[in-house]
Amino acid sequence: MAHATDISDRSDISKQKTQPDGSFKRIDARFRNFIKSDGEFLPEKGRYRLYVSYACPWATRALITRKLKGLEDFIPVTVVSPHMGKHGWPFKNADPDWQDADDDTEYPNFHHVKDIYLFADQNYGGNFTVPILWDTKLNTIVNNESSEIIRIFNTAFNHLLPADKAAVDIYPEAHRQEIDSINEWVYDTVNNGVYKAGFASTQSAYENAVYPLFKSLDRLEEMLKGKDYLVGNTLTEADIRFFVTTIRFDPVYVGHFKCNLRDIRHGYPNIHLWMRKLYWNNDAFKSSTKFDHIKEAYYWSLTTINPSRVVPVGPLPNIEPL
């Protein structure tokens, strides 16, 4: 879809600019509504759609939680191609050579994720990111902030779900203070930290990101000693949020983002075991992880870092067995 004004600075990641000191600053999500029984967006089966990229760690948070909560029949998914070019994330009709992607069945004439945003708000001034939680009844975006989408999925549909899925709680009240505390520094130094290192355009900005990243990984390594989960003895959103970064670490962040003080498989045995247990023992994690999408998106799309678009074959295997 054509747009009257030039929006390429927000759709084309190669035009992304860093701060004057060379550091990367992420723009906050703009759509921040919730699904709730007493609000505008009611919990109804089949009303909402989730737009994702398997490459994107933020979108993968939502995919994992959707699966854990048994919401597959409630909230269908549209998967974009990993080839994020000058128009941003494309649907299959804009990138037919990538087979493992979808067209937008809600709006077949849409070719890119940006079309959804501009349909919801023609004056939208943010970035065209995934995940997107879309309301098919009101034809608008409910939420595009992954940390809030996973909390929506955690509780909003419980009264409609079977008892076993309703009982799944990734943000248990007894552990919320600890979860929130971990989330805060893990987001800043790890989840976003890899991007701050990878997108840095000066040496000082890079070092100011990469050293805190590994300091936090050292801290998480100690926290996971003899444990299967970060908080208590139960799977929480803290695990989900950390997993989506660690599973991409060796295949992408070590090389592509220069996060190479250590890798996960050789440098962090506790994190490595925790990650492999989640991946191999819980299908919500394994089925939401597609390494071909992950490597293709980062190495093909980020031409300011990898102008040749050559995608490395390693590491092999992408994840080691238990």
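Everything below is about the structure shown above.
As the structure is a prediction and not an experimental result, all values here were calculated from the model.

Novice: How should the overall build of the protein be read in this particular structure?
Specialist: Of the regular secondary structure elements, the protein holds 13 helices and 4 strands. Scaling as 2.2 N^0.38, a compact globule of 322 residues should have a C-alpha radius of gyration of about 20 Å, and the protein matches this with 19 Å. With 322 residues in all, the protein has 53% of them scored as buried. By sequence separation, contacts in the protein at least 24 residues apart represent 70% of the contacts at least 6 residues apart. Total accessible area on the protein is roughly 14200 Å²; 49% of this is exposed by carbon and sulfur atoms. Separation between the mean location of the 38 positive side-chain charges and that of the 42 negative ones in the protein comes to 2 Å.

Novice: Explain the pairing of strand β3 (residues 132–135) to me, please; I cannot follow it from the model alone.
Specialist: Consecutive side chains along a regular strand alternate between the two faces of the sheet. Neither face of β3 is exposed, since Ile 132 and Trp 134 on one face and Leu 133 and Asp 135 on the opposite face are all buried. Taken together, the 4 bridges between strand β1 (residues 48–52) and β3 define a ladder with antiparallel strand orientation. From the neighbouring strand, Tyr 48 faces β3, where its bridge partner is Asp 135. Pairing of β3 with strand β4 (residues 140–143) involves 3 bridges; the strand directions are antiparallel. Paired with Leu 133 across the bridge in β4 is Asn 143. Counting the residues between successive antiparallel strands, the hairpin from β3 to β4 contains 4 residues, one of them, Asn 139, with a positive phi of roughly 55°.

Novice: Can you walk me through the sheet that holds β1 in this structure?
Specialist: Across a sheet, paired strands are connected by hydrogen bonds in the backbone, their directions being either parallel or antiparallel. Read across the open sheet, the 4 strands follow the order β2-β1-β3-β4; overall the sheet is mixed. Here the strands that pair on one side only, and so sit at the sheet edges, are β2 (77–79) and β4. Across the sheet, the mean angle from the axis of one strand to that of its neighbour is 35°, orientation sign disregarded.

Analysis parameters
Residues numbered from 1 in each chain as written. Predicted model: local features only at pLDDT ≥ 70, side-chain atom pairs only at ≥ 80, totals over all residues. Heavy atoms only, no water. Helix = DSSP H or I, 4+ residues; strand = E, 2+ residues; numbered from the N terminus. Rg over C-alpha atoms; globule rule 2.2 N^0.38 Å. Buried < 20%, exposed > 50% of the residue type's maximum accessible area, 1.4 Å probe, protein only. Contact = heavy atoms within 4.5 Å. Areas by Shrake-Rupley, 256 points an atom, 1.4 Å probe, with all protein chains shown as cover. Lys, Arg positive; Asp, Glu negative; His and termini not counted. Charge placed at Lys NZ, Arg CZ, Asp CG, Glu CD. Pairing = 2+ DSSP bridges. Axes fitted to C-alpha atoms, helices over the stretch in contact; angles between N-to-C directions.

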